Amino acid sequence: VVGRLVGVDISEPAIADAEVNAEKNGYAQDKPSDKKSITRFVASRAENVLADEMKIIPKSTPIVAVVDPARDGLHGTVVKTLRMNEKIQRLVYVSCNPTGTLVRDGGMLCAPPTKRYPGRPFKVTMAQPVDMFPLTSHCEMVMTFDRMSVEEYNKCHSKKDG
């Protein structure tokens, strides 16, 4: 059961397909301009709209985010938005470049906070390769990241007494 769904994709045809699928499943978007609708789909680059979309969601709402970036991986602005919004408790990352950009992005998502990437880090909780192209060397990877709890973070990053 979903309380709210926000879909962002650069491809307008993909957004149109998502709207059709949502309607078939009983989650039709009220009006594209209605930012409070249960389902909302935005045709844009994630780095241009994600931060604003996150501001619309009430602070008490737990979020599961799903990202499926192009081979170039996540834009730095998207990584920053995911890190700073601690209401995102789980992140599912679908990667077509697991040995390249998933490794890079995973490092930024799981590293200790910095000025550039604030917020409690994530930790990897599951990884599943998916062979969508049999008999080729290409393999997708679905990786689940869960936000570290305050206690976990403090335990892992507390200064050791000498």
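Everything numeric in this text was worked out from a predicted model, so none of it was measured.

Draft legend 1. Summary view of the sheet that holds strand β3 (residues 63-67). Ordered by their spatial adjacency, four strands build an open sheet running β3-β4-β6-β5, and the pairing between neighbours is mixed. Two strands lie at the open edges of the sheet, namely β3 and β5 (122-130), each paired on one side alone. Each strand axis lies, on average, 15° off the axis of its neighbour in the sheet, ignoring direction. Looking at chain direction, strand β4 (residues 88-95) and strand β6 (residues 140-147) are connected through six bridges and run antiparallel. Residue pairing for β6: Val92 is matched across the bridge by Thr144.

Draft legend 2. The arrangement of the layout of surface pockets in detail. Its volume calculated, the largest pocket comes out at about 1400 Å³. Lining the largest pocket are 42 residues, with Val6, Gly7, Val8, Val66 and Val67 positioned closest to its centre. If you list the elements that add at least two residues to the lining of the largest pocket, you get β1 (5-9), α1 (12-24), α2 (46-56), β3 and α3 (76-84). Put simply, the second largest pocket is a space of about 220 Å³. Residue lining of the second largest pocket: Ala51, Met54, Lys55, Ile57, Pro58, Lys59, Thr81, Met84, Asn85, Glu86 and Lys87, and that is the complete set. Mapped by element, the contributors of at least two residues to the lining of the second largest pocket are α2 and α3.

Draft legend 3. Expanded view of the pairing of strand β2 (residues 39-43). Counting buried positions over the five residues of β2 gives four, a clear majority of the element. In terms of strand pairing, β1 meets β2 through five bridges, oriented parallel. If you follow Gly7 over to β2, its bridge partner there is Phe41.

Draft legend 4. The packing of α3 against helix α4 (residues 101-110), seen in detail. Axis separation between α3 and α4 bottoms out at 10 Å; the angle between their running directions is 35°. The chirality of how α3 crosses α4 is right-handed. Each of Val79, Leu82 and Arg83 in α3 lies in contact with α4, whose residues at this interface are Met108, Leu109 and Cys110. Residues that form the contact of α3 with α4 fall into these classes: five nonpolar, no polar and one charged.

Draft legend 5. How the structure looks around the nonpolar core. Ranked by internal contacts, the top residues of the largest apolar core, which has 21 residues, are Leu74, Leu82, Ile88, Leu91, Leu109 and Phe145. Going through the elements one at a time, α2, β3, α3, β4, α4 and β6 are the ones with two or more residues in this core. For Phe145, the contacting residues outside a window of four places in its chain are Gln89, Arg90, Leu91, Tyr93, Leu102, Gly106, Leu109, Cys110, Phe122, Lys123, Val124 and Thr125.

Draft legend 6. Quick peek at the packing of α2 against α3. Where α2 meets α3, the axes come as close as 8 Å, and the angle between the chain directions of the two elements is 15°. As the angle between them shows, α2 and α3 are arranged roughly parallel. Once α2 is placed against α3, the crossing between them reads as left-handed. Side by side, α2 and α3 meet where Ala46, Glu47, Leu50, Ala51 and Met54 of the first sit next to Thr77, Val78, Thr81 and Leu82 of the second. Residue composition of the contact of α2 with α3, grouped by class: six nonpolar, two polar and one charged.

Draft legend 7. Molecular detail of the packing of aromatic side chains. Going through the model one piece at a time under the given rule, you end up with zero aromatic pairs. Residue placement shows Arg147 over the ring face of Phe122; its charged tip is 4.1 Å from the ring centre.

Criteria and cut-off values
Residues numbered from 1 in each chain as written. Predicted model: local features only at pLDDT ≥ 70, side-chain atom pairs only at ≥ 80, totals over all residues. Heavy atoms only, no water. Pairing = 2+ DSSP bridges. Helix = DSSP H or I, 4+ residues; strand = E, 2+ residues; numbered from the N terminus. Axes fitted to C-alpha atoms, helices over the stretch in contact; angles between N-to-C directions. 1 Å grid on protein atoms, 1.4 Å probe; cavity = no way out; pocket = protein on both sides within 12 Å on 5 of 7 lines; lining within 4 Å. Points joined across faces, edges and corners; volume = space filled by probe spheres on them. Buried < 20%, exposed > 50% of the residue type's maximum accessible area, 1.4 Å probe, protein only. Left-handed = near helix turned anticlockwise from the far one by under 90°. Contact = heavy atoms within 4.5 Å. Nonpolar A, V, L, I, M, F, W, Y, C, P; charged D, E, K, R; others polar. Core = buried A, V, L, I, M, F, W, Y, C linked by side-chain atoms within 4.5 Å. Parallel < 35°, antiparallel > 145°, perpendicular 65-115°, else oblique. Phe/Tyr/Trp six-rings, centres within 6.5 Å; stacked < 30°, edge-to-face > 60°. Lys NZ or Arg CZ within 6 Å of the ring centre and 35° of its normal.

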